[in-house]
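Geometric and topological summary
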Amino acid sequence: MKKTKEVLVTSFLAAAMLLSGCAAKKDQQKEISPRAVSIADKYFSGDDKSYEAWKDIDRSKVVAYVEGAEDSDYFNITFDEFFSEYMYYLVSYQIDDDMSDENKSACESYRDNIITYLTFERQYLYVGKNEYGISEDTLTEDQKNSIIASSETVRNDWASNFYTACSAELGESASEEDISALCDEVLRAILKKCGLSEDIFYRWELNRSLEELVIEEIVKDAVVTDDEVDQMLSDLIEEAKDKAANDPGTYEANLIYHSVFIPDGTRNSKHIFLPFTDTGSKDSVKQDSDAIKERLAKGESFDKICEEKDDEDTSAHLVLKNSTSVTKEYTDALYSLARPGDVSEPVITDNGIYFIQYVGDAAVSPDDTENVKGYIRSSLESQAKTNAQNKEYSKWLEKYKYTVDYDTLHIDKDTSILASMDTSEYK
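Figured I'd write up the structure that's included with this text. Because the structure is predicted, anything quoted here is derived from the model rather than measured.

Let us look at the sheet that holds strand 7 (residues 402–404). Pairing in this open sheet of 3 strands is antiparallel, and the strands run 2-1-7 from one edge to the other. If you trace the sheet from one side to the other, it starts and ends with strand 2 (77–78) and strand 7, each paired once. Strand direction decides the pairing type here: strand 1 (residues 62–66) and strand 7, joined by 3 bridges, are antiparallel. Along strand 7, the bridge assignment pairs A64 with V404.

As a further point, take the packing of helix 2 (residues 34–43) against helix 7 (residues 176–193). At a minimum axis separation of 8 Å, helix 2 and helix 7 run at an interaxial angle of 65°. The two elements helix 2 and helix 7 meet at a crossing, and its hand is right-handed. Counted together, R35, A36, V37, I39, A40, D41 and Y43 of helix 2 and L182, E185, V186, A189, I190 and K193 of helix 7 form the full contact between these two elements. Classifying every residue of the contact of helix 2 with helix 7 by side-chain character gives 9 nonpolar, no polar and 4 charged.

Turning next to the pairing of strand 3 (residues 267–275). Counting buried positions along strand 3 yields 7 of 9 residues, so the element is predominantly enclosed. Two strands pair when backbone bridges link them, and strand 3 and strand 4 (residues 317–319) are joined in this way by 3 bridges, in the antiparallel orientation. Bridging across to strand 4, R267 finds its partner in V319. Pairing of strand 3 with strand 6 (residues 352–361) involves 9 bridges; the strand directions are antiparallel. Bridging across to strand 6, S269 finds its partner in Y358.

About the cut-offs
- Residues numbered from 1 in each chain as written.
- Predicted model: local features only at pLDDT ≥ 70, side-chain atom pairs only at ≥ 80, totals over all residues.
- Heavy atoms only, no water.
- Pairing = 2+ DSSP bridges.
- Helix = DSSP H or I, 4+ residues; strand = E, 2+ residues; numbered from the N terminus.
- Axes fitted to C-alpha atoms, helices over the stretch in contact; angles between N-to-C directions.
- Left-handed = near helix turned anticlockwise from the far one by under 90°.
- Contact = heavy atoms within 4.5 Å.
- Nonpolar A, V, L, I, M, F, W, Y, C, P; charged D, E, K, R; others polar.
- Buried < 20%, exposed > 50% of the residue type's maximum accessible area, 1.4 Å probe, protein only.

Given below as structure tokens:
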């Protein structure tokens with residue numbers, strides 16, 4: 001199955017976001033009380049030995065590796081590394097049986113995301129250190145402190161999941177400090193029972209930060225020129241002209257078209273609409289119409305009458321001469337009005353009666369066009385960065401080509417992300 005460049009990046013980044021759990025380093029030897037263990041057991045009854053499919057697998061077994069590359073051992077991914085990530089997922093979603101009919105498909109998809117992410121992570125870290133000089137050792141103190149701070153924030157967020165149980169355990173007289181301490185203790189109990197080292201949370205956050213720095217280096221030369229922006233704007237204007245002439249309904253519904261091109265003589269309108277209904281008589285609608293006509297004749301504000309109708313859109317609408325979004329009776333009445341501000345006589349259609357106001361001639365706003373140019377530039381820059389990343393990824397996938405033990409990981413190779421990536425279009 002061929003992956004487009006968007007899918008390649010999206011697949012990787014989706015996995016990265018799912019796996020970016022983080023917490024600061026703590027003292028794992030600190031004693032955990034029985035009551036914290038009890039709360040942890042109620043939150044998540046299993047542990048790292050309670051899953052039938054995984055309990056007998058050697059944690060040191062290599063489940064993904066690269067052959068023939070310099071420093072090939074560096075790229076080895078052990079089952080322990082994989083399973084630590086997987087256990088974090090199982091705990092987070094409180095999944096006791098990952099092979100049940102209910103969970104099997106979602107868990108397999110997540111295992112596929114995990115191994116895909118881990119291979120990319122290893123490549124990022126290797127390339128970052130060896131090609132860009134980016135590693136933990138090169139981080140500034142501010143960068144390291146930022147990693148620790150964000151890790152601590154996420155750790156506290158996860159610990160807060162146990163707040164209700166912990167406050168109930170400690171009673172009404174417990175202080176917030178005592179409750180928070182027990183929440184943290186429950187978190188440590190869960191990590192311990194699931195074989196998760198607290199250091200791994202810090203490592204996840206560290207690696208994510210290093211990956212971001214590598215991406216910055218990869219995309220730093222992905223620039224967009226003014227000529228490219230102008231060309232796309234020109235193409236958009238031509239597209240708007242074509243739609244206005246040949247597909248007016250699409251043109252009128254797309255506000256971006258209005259920001260770059262409006263046919264000469266196009267008008268903006270407002271209207272008051274009195275619909276014919278199945279339950280109401282046309283005579284009663286005609287009476288309402290006569291009342292509105294009389295109010296307008298006395299000089300009452302069109303906008304005021306319009307605002308009285310809760311279901312009425314009081315904003316001005318661009319209406320082409322060849323509009324297909326309104327009836328011919330509507331456009332004929334609008335374009336027969338002589339001056340901005342004029343209001344039509346009641347316009348009777350199959351659906352109801354309109355009073356139409358000619359608000360003014362429609363014209364392209366220079367500010368709107370500049371906003372569109374800004375959007376175009378942003379889109380082109382985003383695409384340029386995506387292309388730069390995909391080109392780099394394709395090199396990695398060829399130079400550091402992974403072999404994955406899909407059988408051990410219970411992943412269908414035919415549907416896996418990594419096995420189905422086609423990098424030929426990025427070369």
